[in-house]
Amino acid sequence: MTGFLTTHVLDTANGVPAAGMRVNLYRYDADDRVHLVTMTTNADGRTDSPILPAADFAVGRYELVFEAGDYFGRSDDPRFLDDIPIRFGISDPASHYHVPLLVSPFGFSTYRGS
């Protein structure tokens, strides 16, 4: 069995899934930050497929960047929250890593989900 990476974004300000938020995935190789994919959340606040599918899943350091400022359409200059980076490590290549985001224009939280 090989692992995979997923997310689920909930808009806590409006009490709905965050549909239409862009999410970028990066991998860190030594000091290089390599962009792997950009996906957009669906009506349920999830991506239509794993962000990092089993075929590409590898031990390493990663970063998800959630484009929350664009999602909320804030015109504040500068926005209180704009892009939200979450760095994490994948150490078990056979596990499902789930990185959910609870977000409003003024705060967020995350955790290792299941």
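Up top is the structure these notes are about.
Only a predicted model underlies this, so the values are computations on that prediction, with no experimental measurement involved.

### Description of the pairing of strand β9 (residues 101-104)
- Bridge count between strand β2 (residues 9-11) and β9: three bridges; the pairing is parallel. Counted as the bridge partner of Val9 is Leu101 from β9.
- Two elements, β9 and strand β10 (residues 107-110), share four bridges in a ladder whose sense is antiparallel. The residue bridging Ser104 from the neighbouring strand is Gly107, located in β10.
- The turn linking β9 back onto β10 is made up of two residues.

### Some points on the packing of aromatic side chains
- What the rule picks out here adds up to four aromatic pairs.
- On the basis of an interplanar angle of 40° and a centroid distance of 5.9 Å, the ring pair of Phe57 and Tyr97 is categorised as tilted. Of this pair, Phe57 sits in the loop between β5 (32-40) and β6 (60-67) while Tyr97 sits in strand β8 (residues 96-98), placing them 40 residues apart in sequence. Across the pair, Tyr97 and Phe57 agree in class, each one buried.
- The positively charged end of Arg33 is found above the aromatic ring belonging to Tyr26, 3.6 Å away from the centroid.
- Above the plane of the ring of Tyr97 lies Arg112, whose end atom (NZ or CZ) is 3.9 Å from the centre.

### Some thoughts on the side chain of Ser104
- Its location among the elements puts Ser104 in strand β9.
- In this structure Ser104 comes out as buried when scored by relative accessible area, which is 14%.
- For Ser104, the contacting residues outside a window of four places in its chain are Thr12, Ala13, Phe72 and Leu81.

### Concerning the nonpolar core
- Membership of the largest hydrophobic core comes to 24 residues, with the highest contact counts inside it found for Leu5, Leu64, Phe66, Ile84, Phe88 and Val103.
- For this core, the elements supplying multiple residues, two or more each, are β4 (22-29), β6, α1 (68-72), β7 (83-90) and β9.
- Looking at this core element by element, the count peaks at four residues for β7.
- Residues in contact with Leu64, not counting those within four places in the same chain, are Val23, Asn24, Leu25, Ile51, Ile84, Pro85, Ile86, Phe88 and Val99.

Thresholds applied
- Residues numbered from 1 in each chain as written.
- Predicted model: local features only at pLDDT ≥ 70, side-chain atom pairs only at ≥ 80, totals over all residues.
- Heavy atoms only, no water.
- Pairing = 2+ DSSP bridges.
- Helix = DSSP H or I, 4+ residues; strand = E, 2+ residues; numbered from the N terminus.
- Phe/Tyr/Trp six-rings, centres within 6.5 Å; stacked < 30°, edge-to-face > 60°.
- Buried < 20%, exposed > 50% of the residue type's maximum accessible area, 1.4 Å probe, protein only.
- Lys NZ or Arg CZ within 6 Å of the ring centre and 35° of its normal.
- Contact = heavy atoms within 4.5 Å.
- Core = buried A, V, L, I, M, F, W, Y, C linked by side-chain atoms within 4.5 Å.

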